[in-house]
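Coordinates in review
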Amino acid sequence: MEVFSIAFEYAGRGACIALVARRKERLIQVAAMAELVGSPEAIFIPGDVTKDEDCERFIDATVKHFGHLDHLVANAGVATVGVFEDAHDVTPFAPAMAYKRTQTSGAQCIAPTMKFRT
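This text gives an overview of the structure that appears in the document. All values reported here derive from a predicted model rather than from experimental measurement. (Residues numbered from 1 in each chain as written. Predicted model: local features only at pLDDT ≥ 70, side-chain atom pairs only at ≥ 80, totals over all residues. Heavy atoms only, no water.)

Turning our eyes to something else, we now look at the pattern of salt bridges. All chains considered together, the criterion is met by 2 salt bridges. A salt bridge links glutamate 9 to arginine 13; its shortest N-O distance comes to 2.9 Å. Owing to a relative accessible area of 44%, glutamate 9 belongs among the partly exposed residues under this scheme. Residue class for arginine 13 comes out exposed when judged on its relative accessible area of 68%. The salt bridge partner of aspartate 54 is arginine 57, with a shortest N-O separation of 3.7 Å. (Salt bridge = Lys/Arg side-chain N within 4 Å of Asp/Glu carboxyl O. Buried < 20%, exposed > 50% of the residue type's maximum accessible area, 1.4 Å probe, protein only.)

Here it is in structure tokens:
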């Protein structure tokens, strides 16, 4: 479960965490492990971070549950292998370019929920 090592690091430091991934069964396991390593509460929300509506939904659900959102770690990736300069057809690069747009959209979704603390 190396993919979730960032979640376990936060959990070990006592953070409440909301986990988002497409596979609910895996989320249940990771949430249980996060609580074992020190998270006071770990919730899971099935979703796909490449979909704008899912990003809005899981951010809203997290804020509703915990009352705020301090950090957002997006640890999902899409890659296309190849040298862009050598490509005669850029169609294969579309998924990676669309994912970059989704990352920006996710940041836009979270910005209104962030509270700066002094």
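Time to look at the nonpolar core. Of all hydrophobic cores here, the largest spans 12 residues; its members are Phe4, Ala7, Phe8, Ala11, Ile17, Leu19, Ala21, Leu27, Val30, Ala31, Ala34 and Ala42. For this core, the secondary structure elements donating two or more residues are helix H1 (5-12), strand S1 (17-21) and helix H2 (24-36). Ranked by residues supplied to this core, first place goes to H2 with 4 residues. Setting aside residues no more than four positions away along its own chain, phenylalanine 4 makes contact with Leu19, Arg26 and Val30. (Core = buried A, V, L, I, M, F, W, Y, C linked by side-chain atoms within 4.5 Å. Helix = DSSP H or I, 4+ residues; strand = E, 2+ residues; numbered from the N terminus. Contact = heavy atoms within 4.5 Å.)

That's the geometry; what it means functionally is another story.
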